[in-house]
Amino acid sequence: MNDAVTIASGLTGVAAVAGAVTAAVRARRPRPYQATGHAIARPADLDPLPAVLRNGLGGLTVPVTPGPHGELFLGPGTPQPGRTLRRLVLTPLFARIGAHGGRLAQGQQVPFRLTVEFTGANRDAETLLQAYRMLDQQLRDHAALLSRGDGDELTPGAVTVSIAGIVDVRELLAAERVRYAFAEGTFDDIGSPAAPTGLVPMISEPWSRRFGWDGREPISAEERHLLHAMVRSAHEDGRTVRIAGLPEGTRQARRAIWTELGEAGVDVIADTDQRGLAKHLRRHPVSQWVAREPLPTRAVRRASPRPTAARGDRRREPV
């Protein structure tokens, strides 16, 4: 009898340990890929990429500060040794893509969107130019995996890099026949010949620039109409839309804003609340309009259509 009790207790213990191990494995397992979700790294994030990949988000905005020899360091303030964009973001990101056959995740259908945001007090033009040239060289080392602009044509890759912040790269990028980074635009760039989609493929604005709703009360009919109209105009102009800078508030208020953005067809919803956003998008996937062809299959390379191509099916891109 005592032996039976001992065996039963042992089996219960084994089952408990197995359950704990399974839960831990599930916790570490990457989440389903959410192309719409975009993480904004906080200044205090020492290593921002792993959490983004673990949550399955389809993009990352990372603040960088120019440092010695044109190298870009993560975060504001004094550059910290070893905390470079190359070491903590570019190298592991492209290594993972290379190890997965040219995609970041099995469910990836559109490029991972990496926004490099120049920050800091140093606005010296020569310093910023040197830093951009260093970044450009680092990107060209991984050219086969990057979205590429050739004149007005844009060919998607596993990663699309855009430059934002205090550095103005439009003239630099426009002078390059083949480019591996792009400028971010605003809704004011819609229809502008000075901002072709091959140079400015994405509209990116903070929510508070044009909207006052904070998610605590129902959105007004006027603001909802404005949001839908602006997103539709950007899509018809061949551009994707990224909205960031959401109001600080409760998780419930943020969910209300995420929902409105999703219903309006916003392609990229950016937030610092990575886990909350990823969970929301798993429950409420966004049906996106794809301005250009998604990533080509591994067997067939397809050319990207011209910016004037007919509008596609809004439901072609799974997220």
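Calculation notes
- Residues numbered from 1 in each chain as written.
- Predicted model: local features only at pLDDT ≥ 70, side-chain atom pairs only at ≥ 80, totals over all residues.
- Heavy atoms only, no water.
- Helix = DSSP H or I, 4+ residues; strand = E, 2+ residues; numbered from the N terminus.
- Buried < 20%, exposed > 50% of the residue type's maximum accessible area, 1.4 Å probe, protein only.
- Salt bridge = Lys/Arg side-chain N within 4 Å of Asp/Glu carboxyl O.
- Core = buried A, V, L, I, M, F, W, Y, C linked by side-chain atoms within 4.5 Å.
- Contact = heavy atoms within 4.5 Å.
- Polar contact = N/O pair within 3.5 Å; in protein donor to acceptor, adjacent residues only side chain to side chain.
- Pairing = 2+ DSSP bridges.
- Axes fitted to C-alpha atoms, helices over the stretch in contact; angles between N-to-C directions.
- Parallel < 35°, antiparallel > 145°, perpendicular 65-115°, else oblique.
- Left-handed = near helix turned anticlockwise from the far one by under 90°.
- Nonpolar A, V, L, I, M, F, W, Y, C, P; charged D, E, K, R; others polar.
- Expected span 1.5 Å × (residues − 1).
- Right-handed = clockwise from strand over helix to strand, strands pointing away.

**Focus: the overall build of the protein chain**
When you go through the protein chain residue by residue, the secondary structure sums to eight helices and twelve strands. Out of the 319 residues in the protein chain, the part that is buried amounts to 47%.

**Details of the pattern of salt bridges**
Under the counting rule described, the total for this entry stands at 16 salt bridges. Between arginine 216 and aspartate 214 there is a salt bridge whose closest N-O contact spans 2.7 Å. Of the residues examined, arginine 216 reaches a relative accessible area of 67% and is grouped as exposed. Its salt-bridge partner being aspartate 273, residue arginine 251 comes within 2.7 Å of it at the nearest N-O pair. Of this pair, arginine 251 sits in helix H7 (residues 251–264) while aspartate 273 sits in the loop between strand S12 (268–271) and helix H8 (274–283); the two residues are 22 residues apart in sequence, bridging distant segments of the chain. Classification of arginine 251 as partly exposed rests on a relative accessible area of 41%. Through salt bridges with shared partners, one network takes in Asp188, Glu205, Arg209 and Arg210.

**So, the nonpolar core**
Ranked by size, the top nonpolar core spans 47 residues in total, and within it Leu85, Leu114, Val116 and Val159 carry the most contacts. Mapped onto this core, the elements with two or more residues apiece are helix H2 (49–55), strand S2 (59–66), strand S3 (72–74), helix H3 (85–99), strand S4 (112–118), helix H4 (125–140) and strand S7 (159–165). Counting residues per element, this core draws most heavily on H3, which supplies seven residues. Contact partners of valine 116, with chain neighbours within four places excluded, come to Val62, Val64, Leu72, Leu85, Leu135, Val161, Ser162, Ile163 and Ala164. Counting residues in each nonpolar core, the second largest holds 22 residues, with Ile243, Ile257, Leu281 and Val286 among its members.

**Quick notes on the side chain of serine 204**
Turning to its location among the elements, serine 204 is positioned in strand S10 (residues 202–206). On the basis of relative accessible area, serine 204 is assigned to the buried category, the value being 12%. A polar atom in the side chain of serine 204 sits 2.5 Å from the side chain of arginine 242. Apart from the residues lying within four places of it in its own chain, the contact partners of serine 204 are Glu184, Gly185, Thr186 and Arg242.

**As for the sheet that holds strand S5 (residues 148–150)**
Sheet strands line up and pair through hydrogen bonds in the backbone, either parallel or antiparallel. Strands sit in the order S6-S5-S8 across an open sheet of three strands; the sheet is antiparallel. Where the open sheet ends on each side, the last strands, each with one partner, are strand S6 (153–155) and strand S8 (178–179). Pairing analysis gives two bridges linking S5 to S8, with the strands arranged antiparallel. Each bridged residue has a counterpart across the sheet, and for glycine 149 the counterpart in S8 is arginine 179.

**What about the packing of helix H6 (residues 221–236) against H7?**
Running from N to C, H6 and H7 point in directions that differ by 45°, and their axes come no closer than 9 Å. The angle between the axes of H6 and H7 places the two elements in the oblique class. Of the two possible hands of crossing, H6 and H7 adopt the one that is right-handed. Contact residues: Arg224, Leu227, His228 and Val231 in H6; Glu260, Leu261, Glu263 and Ala264 in H7. Partitioning the contact of H6 with H7 into residue classes produces four nonpolar, one polar and three charged.

**Structural notes on H4**
Across its 16 residues, H4 extends 22 Å between first and last C-alpha, which sits within 8% of the 22 Å expected from 1.5 Å per residue. Of all the residues in H4, the buried ones are Leu128, Leu129, Ala131, Tyr132, Leu135, Asp136, Gln138 and Leu139. Elements that come into contact with the buried residues of H4 comprise S2, S3, H3, S4, S7 and helix H5 (170–174).

**As for the pairing of S2**
Extensive coverage of S2 is indicated by the burial of eight of its eight residues. With burial as the criterion, each face of S2 is covered, one bearing Gly59, Thr61, Pro63 and Thr65 and the other bearing Leu60, Val62, Val64 and Pro66. In terms of handedness, the path from strand S1 (residues 37–40) via H2 over to S2 forms a crossover that is right-handed. Strand direction decides the pairing type here: S2 and S4, joined by six bridges, are parallel. Its bridge partner being in S4, threonine 61 is matched across the sheet by threonine 115.

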